[in-house]
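For reference, the chains in residue letters:
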Amino acid sequence: MTSRRSFLAGLLAAASAPSLSWADAGSPAYLAAAKEPSGGYALFGLAASGQDVFRIPLPDRGHAAAAHPHAPEAVAFARRPGSFALVIDCVSGRVTHRLDAPEGRHFYGHGAFIAAGDVLATPENAWETGEGRIGLWSRREGYRRIGEIASGGMGPHDILRLKGDVLAVANGGIRTHPDRGREKLNLGTMRPNLAYLDADAGVLELVELDADLHRNSIRHLAERDGTVAFAMQWQGELPDPAPLLGLHRRGAAPVLCTADLAEQMAMEGYAGSVAISSEGRVGITSPRGARLHVFDSDGRFVASHRQPDICGLAAGADGFFATDGLGHVLSERGGALALAATSARAWDNHLVRIAA
C-alpha cells in the first residue's frame with residue numbers, strides 16, 4: 001500500500017509551477033473576512049498599508065482563510081461548526097471548489113497547506129466520538145479528499161505548517177456536537193494540548209499543560225524560527241488570571257506568559273489571536289478585554305494597548321497589524337498602536353498573513 005508520505009512526495013515531484021501568483025491578485029499582504037453594513041459577508045485582500053486590494057462576497061460568515069503559498073487562491077472556512085469551505089480564485093473572485101466535510105464531521109474554521117501547496121490539511125470534529133481529525137485534500141485533484149490522520153486530541157482548532165511539513169495543531173480539548181450548537185460538553189474533563197504531527201507518521205510530540213490548567217483551551221497558533229506561540233481561552237470561573245499565552249520549542253517544556261495582575265485580569269480569560277513579529281515579539285489580542293498584549297521573545301510582558309473589540313492579529317513588516325470589529329485596521333510599531341485604515345465593516349476574528 002502506498003504510504004501518505006510517498007503519495008505526498010509524488011505530488012511534490014509532479015507538481016508544476018502555478019501560472020498565476022499573488023501578484024496577479026494585486027499583491028495583498030493579508031486576508032480577512034468581514035461583515036458589511038448591508039448585512040452581507042466578504043473576504044478582503046489587504047495591502048501592507050491596510051488598504052483594500054480586493055473584495056470577494058461570501059455566502060455566510062467566515063472565520064479564517066487558508067492562503068495558498070504560491071497561487072492566488074484562498075480557502076474560506078465557515079464559522080464553527082461549519083460543514084463546508086470554499087476555494088476562491090482571488091484574481092477572478094470565482095468559487096472554484098466547495099469542500100464538504102464527511103458525514104459526522106465539521107470543520108473548525110482553519111486550514112494549512114503542505115506539500116508545496118498541493119495538499120490542504122483541515123482540523124475536523126468527529127462528533128459522535130469527540131475525536132479530533134485532520135482531513136487531507138489534494139489540490140491537484142480538484143480538492144479530492146485523500147485521507148485523514150488523528151489530531152492527537154479533542155477539538156483541534158488552529159493548524160500551522162512548520163519546517164519539513166510538520167503540522168502544529170491546537171487541540172482545544174473541548175467536546176461539542178452540532179445538535180447542541182456551540183455548547184461545551186466536557187469542561188470538567190477537558191485536556192487541551194499542542195500536537196506536532198506528520199502526515200504519514202502521525203503524532204510526533206504532544207505538549208500538555210499542568211493539571212490545574214486543564215480548562216485552558218489552546219486555540220490559535222503562530223510560529224517563527226522554531227518557536228510556536230499558542231493563545232489560550234480559559235474555561236473556568238472569572239476572574240481567574242490564568243496564562244493566555246504559551247511559547248514552545250520542540251523537545252522543551254512550554255513557557256507560560258502572563259502580564260501583571262491587573263492587565264492579566266483585564267483580558268477576561270480570552271486570547272482571540274496570536275502573532276510573532278519579525279523582531280520576535282509576541283502579541284495576543286482580547287476582544288473581550290479590549291487589549292493587545294505584547295511580550296518579548298522570552299515571554300516577558302512589555303506592553304499593553306487598549307482598543308475596543310480588537311481581535312485579528314498578524315505580523316507586519318515591522319511590528320504587528322491588527323483588526324477590530326469596528327472597521328479599523330491598526331498598525332503597532334515602536335511601542336505605539338496607530339490607525340492604518342478605517343471602514344464601516346466589522347472585521348471578523350482573524351487576520352491571515354500571506355507568505356511573501
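Residues numbered from 1 in each chain as written. Predicted model: local features only at pLDDT ≥ 70, side-chain atom pairs only at ≥ 80, totals over all residues. Heavy atoms only, no water.

## Points about the overall build of the protein chain
Here is step 1 of the chain: Helices and strands together make up the secondary structure of the protein chain, namely two helices and 29 strands.
Here is step 2 of the chain: For the protein chain, whose C-alpha radius of gyration is 19 Å, the value lies close to the compact-globule estimate of 21 Å for 356 residues.
Here is step 3 of the chain: With the C-alpha coordinates aligned to their principal axes, the bounding extent of the protein chain is approximately 55 × 45 × 40 Å.
Here is step 4 of the chain: In the protein chain, buried positions account for 56% of the 356 residues. (Helix = DSSP H or I, 4+ residues; strand = E, 2+ residues; numbered from the N terminus. Rg over C-alpha atoms; globule rule 2.2 N^0.38 Å. Buried < 20%, exposed > 50% of the residue type's maximum accessible area, 1.4 Å probe, protein only.)

## Brief notes about the nonpolar core
Here is step 1 of the chain: Core analysis: the biggest nonpolar cluster contains 19 residues, and Trp-22, Leu-31, Leu-43, Phe-54, Leu-58, Ile-88 and Cys-90 have the highest contact counts within it.
Here is step 2 of the chain: Counting residues per element, the ones that place at least two in this core are strand S1 (30-35), strand S3 (52-58), strand S4 (62-67), strand S5 (73-78) and strand S6 (84-89).
Here is step 3 of the chain: Counting 16 residues, the second largest nonpolar core, distinct from the first, contains Ala-168, Leu-213, Ile-218 and Ala-242. (Core = buried A, V, L, I, M, F, W, Y, C linked by side-chain atoms within 4.5 Å.)

## Re the sheet that holds strand S18 (residues 227-234)
Here is step 1 of the chain: In space, the four strands of this open sheet follow the order S17-S18-S19-S20, with antiparallel pairing throughout. Of all the strands in the sheet, the pair left with one neighbour each is strand S17 (216-224) and strand S20 (255-257). Across the sheet, the mean angle separating the axes of adjacent strands is 25° when strand polarity is ignored. (Pairing = 2+ DSSP bridges. Axes fitted to C-alpha atoms, helices over the stretch in contact; angles between N-to-C directions.)

## Section: the pattern of salt bridges
Here is step 1 of the chain: Using the criterion set out here, one finds 20 salt bridges in the structure.
Here is step 2 of the chain: In this structure, the salt-bridge partner of Glu-148 is Arg-133, at a minimum N-O distance of 2.9 Å. Within this pair, whereas Glu-148 is found in strand S12 (residues 144-150), its partner Arg-133 is found in strand S11 (residues 131-138), the two being separated by 15 residues in sequence.
Here is step 3 of the chain: Its salt-bridge partner being Arg-281, residue Glu-279 comes within 2.8 Å of it at the nearest N-O pair.
Here is step 4 of the chain: For Glu-279, a relative accessible area of 41% gives the class partly exposed.
Here is step 5 of the chain: The network of salt bridges with shared partners includes Arg-105, Glu-124, Arg-133, Arg-145 and Glu-148. (Salt bridge = Lys/Arg side-chain N within 4 Å of Asp/Glu carboxyl O.)

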